[in-house]
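# Results of the structural survey
Each chain, written out:
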Amino acid sequence: MGYDKSEVREQLTTDDIFQLLVEWGGEPEYTSFGIISTTICHNAPGDGSRKLYYYSNSTLFHCFTGCDSSFDIFELTIKVMKIQKNKVFDLNDAVRYIAYHFGIASSSYDSDINSLEDWKFFEDYDRVKEIQEQKNNRDIILAEYDKKILDNLNYNVIIKPWLDEGISLDVMKKAQIGYYPSACQITIPHFDENGRFIGLRGRTLGKEEAKLYGKYRPCVINKIQYSHPLGMNLYGLNWSKENIRKVQKVIIFESEKSVLQYASFFGFENNISVACCGSSISTYQIQKLLNAGANEIVVAFDRQFQKRGDREFQHLTAHLTKIYEKYKNYVVISFIFDKDMITSYKASPTDEGKEKFLKLFNERIYLK
Ligand SMILES: [Zn+2]
């Protein structure tokens with residue numbers, strides 16, 4: 001069982017590539033053709049010139065100095081792992097690394113929900129602390145960060161943009177949402193299902209900064225990067241797992257913000273939502289939801305299309321159908337899908353209030 005290289009590459013957006021370059025210390029910048037970064041392909045971060053170009057059209061990099069050649073994201077992964085982690089990756093390792101990083105599930109997943117990929121790979125993966133195996137179930141325990149940092153970020157500032165977007169003060173407090181002034185970032189602590197602090201993501205507030213660095217990225221504070229493999233966790237599961245067990249339903253959103261909006265609408269005590277933190281749901285995440293007792297998984301992604309039938313619409317419906325086909329034999333999968341376009345372009349189902357959310361929820365779609 002493995003990953004299909006082109007299938008994984010096809011699912012990566014320019015923003016994903018940008019995020020990786022940020023994490024690898026390439027100090028990327030968006031350009032008209034894609035991205036310019038320092039040459040982390042053959043230099044340590046901070047040492048290279050800005051001569052590594054990424055072309056969105058071809059999805060290829062070109063290094064104009066040391067390497068003097070073109071390569072794809074997997075070849076870059078191999079180069080970066082060698083330089084930054086002193087690890088020898090082959091192509092398969094690189095494809096898996098990227099797939100796991102972005103929570104892209106393998107398409108060869110078909111026969112048995114428990115026979116997941118080659119988990120041995122994780123023994124090499126920096127953030128994994130432990131893999132627990134019980135019967136056919138494998139649990140990945142991510143390493144914990146020092147929670148003290150959260151006290152420093154608890155500035156008691158009122159995060160007005162999020163209040164305006166329907167997230168209550170109580171919910172922000174419970175979720176320990178903070179603010180990191182040096183980076184103009186709202187800080188969002190990520191916990192695992194047992195409430196262990198495993199990552200800290202920042203939502204950049206300034207429009208220019210957001211354009212430059214991407215909307216969400218791992219926080220870097222005092223040279224510590226608080227990142228974690230997104231596909232290996234579900235944001236919010238620590239708060240919602242008991243309720244999921246009771247009602248046997250879960251709503252899976254793309255972003256943390258939607259989970260907080262949902263909790264603001266209905267109360268934390270009624271919360272049955274989680275976020276996959278991207279637009280891919282990993283097999284591991286699905287397994288987590290099944291373990292939590294979900295009989296129905298409601299996929300509630302953003303309205304990423306302008307009108308019915310456009311290119312984005314086709315992309316989104318194909319993506320959702322793929323998710324359905326992959327997991328339909330294990331669990332009921334339904335979709336919140338704003339076919340009548342009652343919310344705005346790119347809005348999440350919770351972005352425009354409780355009424356619209358409930359309407360979308362009640363009219364959710366079951367594929368046959
Ligand atoms: Zn190079």
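Residues numbered from 1 in each chain as written. Predicted model: local features only at pLDDT ≥ 70, side-chain atom pairs only at ≥ 80, totals over all residues. Heavy atoms only, no water.

## Remarks on the overall build of the protein chain
Assigned secondary structure in the protein chain consists of 13 helices and 18 strands. For the protein chain, the residues scored as buried account for 54% of the 368 residues in total. The contacts of the protein chain with a sequence gap of at least 6 include a subset with a gap of at least 24, amounting to 59%. Roughly 17000 Å² of accessible area belongs to the protein chain as shown, and the carbon and sulfur atoms make up 47% of that amount. (Helix = DSSP H or I, 4+ residues; strand = E, 2+ residues; numbered from the N terminus. Buried < 20%, exposed > 50% of the residue type's maximum accessible area, 1.4 Å probe, protein only. Contact = heavy atoms within 4.5 Å. Areas by Shrake-Rupley, 256 points an atom, 1.4 Å probe, with all protein chains shown as cover.)

## Some points on unusual backbone geometry
Backbone geometry at Thr59 places phi at a positive 55°, although glycine is not the residue there. As for its position among the elements, Thr59 is in the loop between β3 (52-55) and β4 (60-63). Of note, Lys346 is a non-glycine position whose phi angle comes to about 75°, a positive value. With respect to the element layout, Lys346 can be found in the loop between β17 (332-335) and α13 (354-362).

## Observations regarding the coordination of the zinc ion
Ideal values for angles at a metal depend on the geometry: 109.5 degrees with four tetrahedral donors, 90 or 180 degrees with six octahedral donors. Donor atoms from the polypeptide that bind the zinc ion are Cys41 (SG), His42 (ND1), Cys63 (SG) and Cys67 (SG), placed at 2.1 to 2.3 Å. For the zinc ion, the 4 donor atoms in the first shell make angles of 104 to 113° at the metal, a pattern classed as tetrahedral. Donor residues for the zinc ion sit on one chain with the sequence pattern C-H-x20-C-x3-C. Placement of the pair is His42 in the loop between β2 (34-37) and β3 and Cys63 in strand β4, with a sequence separation of 21 residues. (Donors = N, O, S within 2.8 Å, 3.2 Å for Na, K, Ca; no water. Tetrahedral: all angles 85-135°; square planar, octahedral: opposite > 155°, others 65-115°.)

## Digging into the sheet that holds β17
Reading across from one edge, β15-β14-β16-β17-β18 is the order of the 5 strands in this open sheet, with mixed pairing throughout. The open sheet has two free edges, formed respectively by β15 (273-275) and β18 (365-366), since each of these has just one partner strand. Taken together, the 2 bridges between β17 and β18 define a ladder with antiparallel strand orientation. Residue pairing in the sheet places Phe335 in a bridge with Ile365 of β18. (Pairing = 2+ DSSP bridges.)

## Some thoughts on the sheet that holds strand β5 (residues 69-71)
In space, the 5 strands of this open sheet follow the order β1-β2-β3-β4-β5, with antiparallel pairing throughout. Where the open sheet ends on each side, the last strands, each with one partner, are β1 (29-30) and β5. The pairing of β3 with β4 spans 4 bridges and is classified as antiparallel. Paired with Tyr55 across the strands is Leu60, a residue of β4. Where helix α2 (residues 14-23) meets the sheet, it contacts β1, β2, β3 and β4, and its direction lies at approximately 10° from that of β2. Relative to the sheet, helix α3 (residues 73-85) contacts β3, β4 and β5, its axis offset from that of β5 by approximately 105°. (Axes fitted to C-alpha atoms, helices over the stretch in contact; angles between N-to-C directions.)

## A short note on the side chain of Lys257
By the element assignment, Lys257 lies in helix α10 (residues 256-266). For Lys257, a relative accessible area of 8% translates into the label buried. Those residues in contact with Lys257 that lie beyond four places of it in its chain are Trp162, Glu165, Ile167, Tyr216 and Asp351.

## With respect to the pairing of β2
Two faces, one strand: in a regular strand the side chains alternate between the faces of the sheet. Relative to β2, β1 is paired through 2 bridges, and the arrangement is antiparallel. By the bridge assignment for β2, Tyr30 is matched with Ile35. With antiparallel pairing between neighbouring strands as the criterion, β1 and β2 make up a hairpin whose turn holds 3 residues. Alignment of β2 against β3, held across 4 bridges, turns out to be antiparallel. Residue pairing in the sheet places Ile36 in a bridge with Tyr53 of β3.

## With respect to helix α11 (residues 283-291)
Here α11 lies mainly inside the structure; 7 of its 9 residues are buried. Of the residues one or two after α11, Gly293 is the one with positive phi, at around 100°.

## Describing the pattern of salt bridges
Throughout the structure, instances matching the rule amount to 19 salt bridges. In this structure, Arg96 and Asp93 form a salt bridge, with 3.2 Å as the shortest nitrogen-oxygen distance. Of this pair, Arg96 and Asp93 are both found in helix α4 (residues 91-101), 3 residues apart, which corresponds to roughly one turn of the helix. Using a relative accessible area of 15% as the deciding quantity, one classes Asp93 as buried. (Salt bridge = Lys/Arg side-chain N within 4 Å of Asp/Glu carboxyl O.)

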